[in-house]
Structures are given as structure tokens and as C-alpha cells.
Amino acid sequence: ISMPFKQAVIPLMDEVDHSAQVIGAVNTIVNTDGYLHAYNTDVIAVASLLKSHAVDPKLPFLLRGSGGMAAVAGAFYDAGFRAGTIIARNEAAGTALARRYGYAWAPEPGDLTAPVIVNVTPIGMSGGAESEQLAYPQPTIEVASVVFDVVAMPVETPLIRAARAAGREVITGGEVIALQAAEQFRLYTGVTLSPDDIAQAEAQTN
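Right, let's walk through the structure included here. (Residues numbered from 1 in each chain as written. Predicted model: local features only at pLDDT ≥ 70, side-chain atom pairs only at ≥ 80, totals over all residues. Heavy atoms only, no water.)

Within the protein chain, the regular secondary structure consists of eight helices and nine strands. In terms of C-alpha radius of gyration, the protein chain reaches 17 Å, essentially the compact-globule figure of 17 Å for 206 residues. Seen through its C-alpha atoms, the protein chain measures out along the principal axes to roughly 55 × 40 × 35 Å. Taken over 206 residues, the protein chain has a buried fraction of 47%. Within the protein chain, counting contacts between residues at least 6 apart in sequence, those at least 24 apart form 55% of the total. Accessible surface for the protein chain amounts to roughly 9,800 Å². Of this, 55% is attributable to carbon and sulfur atoms. (Helix = DSSP H or I, 4+ residues; strand = E, 2+ residues; numbered from the N terminus. Rg over C-alpha atoms; globule rule 2.2 N^0.38 Å. Buried < 20%, exposed > 50% of the residue type's maximum accessible area, 1.4 Å probe, protein only. Contact = heavy atoms within 4.5 Å. Areas by Shrake-Rupley, 256 points an atom, 1.4 Å probe, with all protein chains shown as cover.)

With that out of the way, let us pick up the nonpolar core. Within the largest apolar cluster, 30 residues are counted, with the highest numbers of intra-cluster contacts made by Leu63, Val72, Phe76, Tyr103, Val118 and Phe148. Top contributing element to this core by residue count: helix H3 (residues 71–78), with five residues. Ignoring anything within four residues of it in the chain, the contact list for Val72 reads Val46, Leu63, Val118, Val120 and Val150. Counting 16 residues, the second-largest nonpolar core is a separate cluster that includes Ile123, Ile160, Ala163 and Val170. (Core = buried A, V, L, I, M, F, W, Y, C linked by side-chain atoms within 4.5 Å.)

Attention now goes to the side chain of Thr85. Along the polypeptide, Thr85 turns up in strand S5 (residues 84–87). In this structure Thr85 comes out as buried when scored by relative accessible area, which is 17%. When sequence neighbours within four positions are dropped, the list of residues in contact with Thr85 reads Phe61, Leu62, Leu63, Ala104, Trp105, Ala106 and Leu112.

The next thing to look at is the side chain of Asn119. Structurally, Asn119 can be placed in strand S7 (residues 116–119). Judged by relative accessible area, which is 0%, Asn119 ranks as buried. A distance of 3.3 Å separates a polar atom in the side chain of Asn119 from the backbone oxygen of Ile123. Those residues in contact with Asn119, other than ones at most four positions away along the chain, are Arg64, Ala135, Tyr136, Phe148, Asp149, Val150, Val151 and Leu159. (Polar contact = N/O pair within 3.5 Å; in protein donor to acceptor, adjacent residues only side chain to side chain.)

What follows covers the packing of helix H2 (residues 41–52) against helix H7 (residues 173–189). Where H2 contacts H7, the axes come no closer than 8 Å and their chain directions differ by 120°. Regarding the angle of H2 to H7, the classification is oblique. In terms of crossing hand, the pair formed by H2 and H7 is right-handed. Here H2 contributes Thr41, Asp42, Ile44, Ala45, Ser48 and Leu49 to the contact with H7, which in turn contributes Glu175, Val176, Leu179, Gln180, Glu183, Gln184 and Leu187. Residue composition of the contact of H2 with H7, by class: six nonpolar, four polar and three charged. (Axes fitted to C-alpha atoms, helices over the stretch in contact; angles between N-to-C directions. Parallel < 35°, antiparallel > 145°, perpendicular 65-115°, else oblique. Left-handed = near helix turned anticlockwise from the far one by under 90°. Nonpolar A, V, L, I, M, F, W, Y, C, P; charged D, E, K, R; others polar.)

Given below as C-alpha cells:
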């Protein structure tokens with residue numbers, strides 16, 4: 001399920017999984033003999049990555065973006081992260097997202113810093129007007145501990161390259177897209193892919 005139907009379908013569901021409840025949006029529906037069960041595998045994937053990368057929920061974070069992948073904010077909240085700042089040029093969308101989870105809001109990164117920085121905007125995406133730009137200023141990257149970019153095309157975005165060069169822990173969009181697809185596959189087929197299968201799928205995004 002894609003925008004603009006991620007919220008609109010919820011009243012039509014027989015059951016809504018916690019992953020979709022936490023952000024009020026659906027991206028996967030399983031139809032079992034007419035019984036509709038809704039999920040959000042983006043939330044499931046992000047939660048899994050935060051756990052596998054051992055990102056401490058006590059750490060403050062900056063999250064840039066309030067669009068389609070803003071589900072990441074809900075995943076952070078559900079994982080126990082309470083000290084966050086949503087950075088969004090769109091004040092209405094940014095403040096609404098921040099209020100939903102009790103986070104702060106800022107229009108631009110400016111000189112803000114945090115141990116965990118996250119990009120959920122198209123900045124750095126191949127073919128876009130901002131494909132060669134950094135989602136965060138270099139000084140912000142250099143003082144972060146973990147840099148998370150959901151952009152998957154390319155996986156090695158300018159932000160991820162800068163973070164690697166600075167020796168920072170990175171979480172890539174390739175990891176997100178492979179994990180959420182693996183979860184969808186499990187929900188639809190009942191087959192759980194092995195870590196090797198998921199790693200091979202992730203490699204296909206590079």
C-alpha cells in the first residue's frame with residue numbers, strides 16, 4: 001500500500017498490527033480468506049535495525065524529514081527513544097509529527113547536533129535535484145555516533161560516505177529496504193528468510 005492510501009485503508013481492516021498502529025499508517029495487507037490484517041513493515045525493519053546495531057534509546061536524535069518515510073519517527077518512539085528533534089521545512093507537517101511523539105521541531109539542521117542523526121528526506125537520492133548534497137552539515141556528522149540514511153538509491157549516499165569517512169556507525173537504506181521486503185515476504189508466504197538471504201537482497205541494492 002502506498003500514499004495516499006496508507007491511512008485511508010485503516011477503517012477497512014479487520015485487524016491492525018501494532019507496527020501500523022504506532023504510526024497510524026499501513027504499507028502491507030494480508031488477506032486470509034477475506035480477513036484483512038494490516039502491518040507496517042517499514043516500522044518493523046527500522047526497529048530491527050536499531051536493535052541489531054545496538055543503538056541506545058537513551059541517546060538524543062535528529063530526524064530530518066516529515067514525508068513518506070516519517071514512519072521512522074514512530075519506530076524510534078516505539079523503541080524507547082524520547083529525546084528527539086524533527087527537522088522539517090514544512091512547519092505544519094514537522095510540528096504535527098513532533099507533537100505526535102513529544103519531540104521538538106526545527107526548520108533546518110543549522111548547528112544542531114546529536115549522537116544519532118537520521119535522514120528520511122530525498123536528499124542524496126540518485127536522479128534528484130539534491131543527489132550530491134549532504135542531508136546534514138559536516139560538523140554535525142563528525143560529532144554523531146550513528147548516522148542513519150533511509151535513501152536506498154544509491155545505498156552509498158553522500159551522507160553515508162561522509163559518515164564512513166568520519167569513522168561513524170552507519171545504517172543504510174539498503175538495510176531498510178531488504179528487511180522490510182523480507183518481512184513482507186514472511187507475512188505473505190509464511191517463509192522466514194535467513195540472514196544470508198537478506199544480505200544477498202541488500203547487496204542487490206548497491
